[in-house]
Amino acid sequence: MHPENPQAIYRKDYHQPDFFIESIDLHFSLDEDVTLVHSQMVIRPRTTNQTVPLVLQGESLVLKNLKLNGQVLNTHDYQVDKIHLTIPTVPTQSFTLETIVEIKPQENTALTGLYKSSGNYCTQCEAEGFRRITYFLDRPDVMARYTTTIVADKNRYPVLLSNGNRVEYGELTDGRHWVKWADPFPKPSYLFALVAGNLHCHGGKFVTRSGREVRLEIWVEPQNHDQCEHALQSLAKAMRWDEERFGLEYDLDIYMIVAVSDFNMGAMENKGLNVFNAKFVLCRPDTATDDDYENIEAVIAHEYFHNWTGNRVTCRDWFQLTLKEGLTVFRDQSFTEEMTSAAVKRIQDVRILRTSQFAEDQSPMAHPIRPESYIEMNNFYTVTVYNKGAEVIRLYQTLLGKDGFRRGMDLYFQRHDGQAVTCDDFRAAMADANKMDLSQFERWYDQAGTPVVDVLGTYNALEKTYSLTLRQQIPANLQAWHIPIAVGLLGKNGQDLPLQLATETNSNRTCIIELREVEQTVTFVNIPEAPIPSLLRHFSAPIKLNFSRQREELAFLMAHDSDPFNRWEAGQQLAQQVIFDLLADWQADKPLQLDPLFSNAVLKILQDTQLEGSIKALMLTLPTEGFLGQQQAEVAVEGLFTVRQFVLQQLAQDHYTQWLTIYKANHHTPYSNEASAIACRRLKNVALHYLCRLDTAETTALAEQQFTQSDNMTDQQSALSCLVNTTGTAKTIALTRFYTQWKENPLVLDKWFSVQAMSYLPDTFENVQALLQHSDFNLKNPNRARSLLAVFSQNQAQFHRADGLAYQLQADIVLQLNTLNPQIASRFVSVFNHWRRFDPARQALMQTQLTRIIQHPDLSKDVYEVVSKSLN
Ligand code: ARG
Ligand code: ZN
């Protein structure tokens, strides 16, 4: 139990700050023992007649000196506790406050505030890390102008960076040097950054559409100098795209990105100085997969897009996080859709939403995209705030059209540039720019949970009409959502029928139904034959839609729907039906037999020569055990595993020659980063995975050959993950070889750990235990910890083994991380959030671990919040 019983903070309690900080002049003296941070602030009371104390936040700081308007304050004039500096009486007019504090970045394993990574200094301040650097009003609605001077040893730390422009620099006589940076844009403290180290610069430039030249710099550890070009190109592409799509131009003369090896999240949009997890910067064909390349482009774009959606217009308070994150994720998704393939990207994004976010909605941590309360803000950087938040932004675009959405964005910037605002301000801009009533739309921000819509269709042959009745299931205390549902109707030949609503004169192939009521019926006229409806095209809303269908109908849509998303979706639904029916057979001890209708539908996809390769690869991939488990009242761990393995095995056997043909047809495409070459690799590797299910000498030889001969990481990793599931000696040989080849490259070595954690063989848990003892395993490095443990916890059948040993191990790790790095600990403990969805025996085992964790004497707020909600 937590000794201080951490208190929740509520959205409804928001108050304006009593003081604003106009400017802060920071001076860092970086030293191996203690780092001194000297700060000089100009502070302005919000009103001149107030007599309120000044309460600054500060954590793990040692206060050395405190001056108000140049006068040293004596200890009666202020109070310091673990998290505050309070000065009861301050002037009623603007005043200056000067502090000197000591910190020890080299001991900071939480990786928030100022810390060291691979010998270099770096910072992470979002959400509330700045208070671990100096005393401040550490809240986003306090926006200050920053100047930052960094002093450090010149040999060890030749590069000294902060936000804005480098305005002065010089050398001291003792081997140290200094640089002063000035950021002309007022910003909240969470956007502050500092980097000092021995770094290599990969530079470039970008000319904005108004003709200004911007210097681009990617900073990396020297040995990574040859892995920066893709990141640089991605940045330039993102900059261009934001100009073209949203009319948004960059606003400083320099844009820097620093790659660091120890980072809690993906990346951080600090003004002019992004700090990135190296995973989202570094790549080379032989070290990074196609997915890595795509993720790098997306994350670089995401952080760049924050410059407008997040930095120029920021959040009033942390409850508004989705204002910047949902919007920026939507922007990066749209960017990737245009850079790659809209359908493929949409399918990938919906997969993430459904497997992670829908699961979060079913858990005790469920929250609206704009949460009502939190104990630890870092726990709310969630798939709900980010990915469901992005879906909600997409809803505006679906309802208002692309042009209408752009009008709303333009008005949003026109009204709020330079301000800290709320989700309501954004919604108002969308509504006002389009003269549309979006009041019901607020429920997407207020209400947690995944809406469920039941649909019924009726064809009237006499009238030649087709009606759809849509009904929202509204949980107690909630109200109907405003949901756009994209619909098409297929004729018997598989073509889209022209759609004309009874109220319309013109026709369309896809029509958006705006569902606002609990129940609504729409009728299409002039429908010549009983159609097959295609519902929720392109996944037009983040909901679950129920419409009961025969397998034949799903197979038909899988073969013909003009909406590629729904073609994929029909295949997934068909697979799911087949798997659940087999599960019932398995549970009744009946022999398993794969429905030939499904096997044939898969064959048709395999043989479809029109279908784009990446989509085809996705269509040949079954829903995961995790996703299937979510659809059940009680997750059938062993049953789902067994049945899914059976289906994969059966498909491998049924279409052996076709898999082999596909494999060979796509195997010799030379490496390039073009969409067509990527598609070949995706297709070939799906085929290889099916083939290797057969675990024969021939199939293993194929994988071995690919493993040894490949010139790119996509193929090498894929072959390795096939070999890891084989039972002969090939597995050990490949693992050893991969390790020897890549032991000096941490990002590639992460893959070595992950591939083993993902194995479906029964000794996976024992392997993971052994890998924890490996000399290259390091719990303090988040990427390494995740590569083994977070990946393993997603391996449903192995992690949820019936003896509960994996649960115990996970809890041990959580308790270690609780002291080292609470943010990562809290992520790791979250796998237990779903404990009530399992059978009684597993529930008891997980509950035991949760109870053990919550009884720990020094639990962080992070872990406390998640576990206490879970046990409630
Ligand atoms: N704003 C960052 C982004 O681009 C994420 C920062 C997350 N930080 C945290 N402490 N949770 O999404
Ligand atoms: Zn973000």
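If you're wondering where the values come from, they're calculated on a predicted model, not measured in any experiment. (Residues numbered from 1 in each chain as written. Chains lettered and ligands numbered in written order. Predicted model: local features only at pLDDT ≥ 70, side-chain atom pairs only at ≥ 80, totals over all residues.)

**Student:** Help me understand the site of ligand 1 in this model?
**Tutor:** Every residue near ligand 1 is listed here: Glu-126, Ala-127, Met-265, Ala-267, Met-268, Glu-269, His-302, Glu-303, Glu-325, Asn-378 and Tyr-381. Secondary-structure elements contributing two or more residues to the shell around ligand 1 are strand E20 (267–268) and helix H2 (290–305). Residue composition of the shell around ligand 1, grouped by class: five nonpolar, two polar and four charged. Here the shell around ligand 1 gathers at least three residues from each of two domains, domain 2 (199–287) and domain 3 (313–446). (Near = placed C-beta within 6 Å. Helix = DSSP H or I, 4+ residues; strand = E, 2+ residues; numbered from the N terminus. Nonpolar A, V, L, I, M, F, W, Y, C, P; charged D, E, K, R; others polar. Domains from an automatic or database assignment.)

**Student:** I keep staring at helix H24 (residues 822–829) and nothing clicks. Help me out?
**Tutor:** Quick reminder: α-helices carry 3.6 residues per turn. Residues three or four places apart thus point the same way. In terms of burial, H24 is a largely internal element, eight of the eight residues being buried. Looking only at H24, the buried set comprises Pro-822, Gln-823, Ile-824, Ala-825, Ser-826, Arg-827, Phe-828 and Val-829. Contacts made by the buried residues of H24 are with helix H21 (782–793), helix H23 (805–820), helix H25 (840–854) and helix H26 (861–871). (Buried ≥ 20, exposed ≤ 12 C-beta atoms within 10 Å, placed from the backbone. Contact = placed C-beta atoms within 7 Å.)

**Student:** It is not clear to me how the sheet that holds strand E9 (residues 95–103) should be interpreted in this structure. Could you clarify?
**Tutor:** Pairing is mixed across the open sheet formed by eight strands, whose spatial order is E6-E5-E9-E3-E2-E12-E15-E14. Either end of the sheet is taken by a strand with one partner, and the two such strands are strand E6 (71–72) and strand E14 (165–171). Sheet topology note: the strand E2 (residues 19–29)/strand E12 (residues 144–153) ladder contains seven bridges and is parallel. Directly across from Asp-25, in E12, lies its bridge partner Thr-147. (Pairing = 2+ DSSP bridges.)

**Student:** Can you walk me through the UniProt feature "domain: Peptidase M1 alanyl aminopeptidase Ig-like fold" (unreviewed entry) in the protein chain in this structure?
**Tutor:** Residues annotated by UniProt as "domain: Peptidase M1 alanyl aminopeptidase Ig-like fold" (unreviewed entry) correspond here to residues 449–547. As a span, residues 449–547 carries 0% helix and 44% strand, and end to end its C-alpha atoms are 20 Å apart. (UniProt positions renumbered as here; feature names shortened; annotations may be inferred.)

**Student:** What exactly am I supposed to notice about unusual backbone geometry here?
**Tutor:** A cis geometry characterises the amide bond from Glu-126 onward to Ala-127, with omega recorded as 0 degrees. Within the fold, Ala-127 resides in the loop between strand E11 (120–124) and E12. In this structure, Asn-69 is a non-glycine residue whose phi angle is positive, near 45 degrees. Mapping Asn-69 onto the fold places it in the loop between strand E5 (62–68) and E6.

**Student:** How should I be thinking about the sheet that holds strand E18 (residues 213–220) in this particular structure?
**Tutor:** Hydrogen bonds between backbone groups are what pair the strands of a sheet, and the pairing can be parallel or antiparallel. Here we have five strands laid out as an open sheet, ordered E17-E18-E19-E21-E20, and mixed in their pairing. Each edge of the open sheet is held by one strand with a lone partner, namely strand E17 (200–207) and E20. Here E20 pairs with strand E21 (residues 273–277) via two bridges, running antiparallel. Counterpart to Ala-267 in the pairing with E21 is Phe-276.

**Student:** What's the story with the confidence of the model for the protein chain in this structure? I'm lost.
**Tutor:** Detailed conclusions should not be drawn from predicted coordinates in areas where pLDDT is low. Looking at the protein chain, the pLDDT average stands at 97 and 100% of residues meet or exceed 70. Confidence metrics for the complex model read pTM 0.98 and ipTM 0.98. (pLDDT = per-residue confidence, 0-100.)

**Student:** Just to check I follow, could you spell out the nonpolar core for this structure?
**Tutor:** The nonpolar side chains of soluble globular proteins are, as a tendency, buried together. Of all hydrophobic cores here, the largest spans 241 residues; its most connected members are Val-195, Leu-235, Val-258 and Val-281. The greatest single-element share of this core, amounting to twelve residues, is contributed by helix H5 (residues 383–416). Look past the residues within four positions of Val-195 in its chain and what remains in contact with it is Asn-120, Tyr-121, Cys-122, Leu-161, Val-258, Leu-273 and Val-275. (Core = buried A, V, L, I, M, F, W, Y, C linked by C-beta atoms within 7 Å.)

**Student:** Even after reading the chapter, I still don't get the domain arrangement of the protein chain, so can you show me in this structure?
**Tutor:** By convention, interface size is frequently given as the accessible area that disappears when the constituent parts associate. When the domains of the protein chain are assigned, the result is domain 1 (1–198), domain 2 (199–287), domain 3 (313–446), domain 4 (452–541) and domain 5 (562–694). Each of domain 3 and domain 4 was reduced to a C-alpha centroid, and the two centroids are 26 Å apart. If you look at the interface, domain 3 gives nine residues, while domain 4 gives ten residues. Looking at the side of domain 3 that touches domain 4, the elements that each hand over two or more residues are helix H4 (342–361), H5 and helix H7 (443–446). Examining the composition of the side of domain 3 that touches domain 4, we find that three residues originate from one element, H5, more than from any other. Looking at the side of domain 3 that touches domain 4 residue by residue, the classes come out as five nonpolar, two polar and two charged.

**Student:** Just to check I follow, could you spell out the packing of helix H18 (residues 730–742) against helix H19 (residues 746–757) for this structure?
**Tutor:** Between two packed helices, what matters for the description is the angle formed by their axes and the separation of those axes. Relative orientation of the contacting elements H18 and H19 amounts to 165 degrees, with a least axis distance of 9 Å. Here H19 runs roughly antiparallel to H18, going by the angle between their axes. Here H18 runs over H19; the crossing is left-handed. Here H18 contributes Phe-738, Tyr-739 and Trp-742 to the contact with H19, which in turn contributes Val-748, Leu-749 and Trp-752. Its residues assigned to classes, the contact of H18 with H19 comprises six nonpolar, no polar and no charged. (Axes fitted to C-alpha atoms, helices over the stretch in contact; angles between N-to-C directions. Parallel < 35°, antiparallel > 145°, perpendicular 65-115°, else oblique. Left-handed = near helix turned anticlockwise from the far one by under 90°.)

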